[in-house]
Amino acid sequence: MKQIPYQILMAVLASIVGLLVTNAWLGYENIEQMRQGSLAASRNRSIIVALENTIALVTEAESGQRGYLITGEPEYLEPYRKALANIDGQIKFLEHATANNPVQRTRIPELKRRLETRIQQLQQRVEARASEGLDAARQAILLNRGKVEMDDLRQHVAEMVRIESEIRDASVQRSARNYNVALSSSLIGDAVAMLMVAAFIYLLGRHLRERKRAEAVIHEQRE
């Protein structure tokens, strides 16, 4: 049986190493994409929570100022002021979190404008109660001024939540695809690598046997 050339063995070994390196690189790329997708989905969830918190804080501020309008007790203004202060933090977070999202970034100024309009209306009611008394506050409540603005604000936030939910769902689907690709490529690469290792072991064993047989023939000829 003809001896297998040494160059063929080295070529097979180099192919195995190249396959393992390529498989490792593909695995790293897929894992990195999954990590990025997970971070994006987490950021999307944080943005949605911040938007929902913003509406909740405005509602809390409304409740606080309504209690003050009815009772005139200053302690009702504490949750009102606290809610307004927390709204600023939510808006700053949204500005930072949507910096790389052109769709949402263009909606932030409109959100701020609607919030400022609603907060000004609440503040005007508080000032009217403090300066004009209960009748002015009662009239403001009966007229229900600001309902349209609040409804528009809710709708604007709901639209931003919808957009962010779609982006989040796309990130989750992309991460799932990356996981499937990573799993498939890893299994296929490992299977091919095992076959090539088996082939290399077979060829190496055959090479060594033929070499030993050739050495035995040479030894007999010398004898």
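Rules used throughout
- Residues numbered from 1 in each chain as written.
- Predicted model: local features only at pLDDT ≥ 70, side-chain atom pairs only at ≥ 80, totals over all residues.
- Heavy atoms only, no water.
- Salt bridge = Lys/Arg side-chain N within 4 Å of Asp/Glu carboxyl O.
- Helix = DSSP H or I, 4+ residues; strand = E, 2+ residues; numbered from the N terminus.
- Contact = heavy atoms within 4.5 Å.
- Expected span 1.5 Å × (residues − 1).
- Buried < 20%, exposed > 50% of the residue type's maximum accessible area, 1.4 Å probe, protein only.
- Arc of directions from axis to C-beta.
- pLDDT = per-residue confidence, 0-100.

1. Section: the pattern of salt bridges
Taken as a whole, this structure holds eight salt bridges when the rule is applied. Two residues, Glu95 and Lys112, come together in a salt bridge whose shortest N-O distance is 3.0 Å. Of this pair, Glu95 sits in helix H2 (residues 77–97) while Lys112 is found in helix H4 (residues 108–132), placing the two residues 17 residues apart along the sequence. Among the ionic pairs, Arg114 bridges to Glu110, the shortest N-O distance being 3.0 Å.

2. Considering the side chain of Asn44
Here Asn44 lies in helix H1 (residues 6–71). Setting aside chain neighbours within four positions, we find Asn44 in contact with Glu164, Ile167, Arg168 and Ser171.

3. Things to note about H2
In a regular helix each residue adds 1.5 Å, so 21 residues correspond to 30 Å; H2 covers 31 Å between its end C-alpha atoms and thus fits that length. The complete set of buried residues in H2 reads Leu77, Tyr80, Ala83, Leu84, Ile87, Gln90, Ile91, Leu94 and Ala97. Across the axial projection of H2, the buried residues extend over an arc of 155°, all falling on one side. For H2, the exposed residues set more than 90 degrees away from the buried face come down to Lys92 and His96.

4. Brief notes about the confidence of the model for the protein
In this model, the protein carries a mean pLDDT of 78, and residues with pLDDT of at least 70 account for 83%. Least confident of the elements in the protein is helix H5 (residues 134–143), whose mean pLDDT is 69; most confident is H2, at 89.

5. Describing the side chain of Asn101
With respect to the helices, strands and loops of the structure, Asn101 is situated in the loop between H2 and helix H3 (102–105). Look at Asn101 and you get buried, because its relative accessible area is 14%. In this structure Asn101 touches Glu164 and Ile167, once residues within four positions along its chain are discounted.

6. Let's talk about H4
Taking 1.5 Å per residue as the helical rise, H4 with its 25 residues ought to reach 36 Å, and the 35 Å between its terminal C-alpha atoms agrees with that figure. Taken together, the buried positions of H4 are Ile108, Leu111, Leu115, Arg118, Gln121, Leu122, Arg125, Val126, Ala128 and Arg129.

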